[in-house]
Amino acid sequence: MTDDDIDTSDIPPLTDEFFAKATLRIPSPPLATVTIQVDSETLAWFQSKGEEAEQHMAAVLRIYAEAQKNAGARQSA
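So, here is what we can say about the structure in this document. All values derive from a computational prediction rather than experimental measurement. (Residues numbered from 1 in each chain as written. Predicted model: local features only at pLDDT ≥ 70, side-chain atom pairs only at ≥ 80, totals over all residues. Heavy atoms only, no water.)

### Some details on the overall build of the protein chain
When its secondary structure is counted, the protein chain shows three helices and zero strands. What you see in the protein chain, going N to C, is helices and strands ordered as α-α-α. Relative to the 2.2 N^0.38 estimate, which gives 11 Å for 77 residues, the radius of gyration of the protein chain is 22 Å and therefore markedly larger than a compact globule would have. Projected onto its principal axes, the C-alpha coordinates of the protein chain cover approximately 55 × 40 × 20 Å. The proportion of buried residues among the 77 residues of the protein chain is 4%. Separation of charge centres in the protein chain, based on 6 positive and 13 negative side chains, amounts to 16 Å. (Helix = DSSP H or I, 4+ residues; strand = E, 2+ residues; numbered from the N terminus. Rg over C-alpha atoms; globule rule 2.2 N^0.38 Å. Buried < 20%, exposed > 50% of the residue type's maximum accessible area, 1.4 Å probe, protein only. Lys, Arg positive; Asp, Glu negative; His and termini not counted. Charge placed at Lys NZ, Arg CZ, Asp CG, Glu CD.)

Written out as C-alpha cells, the structure is:
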C-alpha cells in the first residue's frame, strides 16, 4: 500500500487552535535494570497499589533525585 492509497478523509485538519493546545512530550530516557534491597513492608505497600509497582518505585526515585538536584542548585546560588 502506498501513501496515496490511505484514506485520510476522516482525519480533521490540524488548526492553529490544535497547536495552541498541543504539548511537547519527550520520551523517557532508556531504563537501566538494577537490583536493590527494599524492606518487605515498603515493597508490600508498592505492590498493594497495583501491577505497576516497579514503575511507581522508579517514579518516586526520579522525583526524589530531581528534588535533590533543585535543592543543591538553590544552595549554591
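### Description of the packing of aromatic side chains
Counted according to the given criterion, the structure contains two aromatic pairs. With 5.1 Å between their ring centres and 85° between their planes, Phe18 and Phe19 make a pair best called edge-to-face. Residue Phe18 is classed as partly exposed on the basis of its relative accessible area, which comes to 42%. With a centroid separation of 5.1 Å and an interplanar angle of 85°, the aromatic rings of Trp45 and Phe46 are classed as edge-to-face. (Phe/Tyr/Trp six-rings, centres within 6.5 Å; stacked < 30°, edge-to-face > 60°.)

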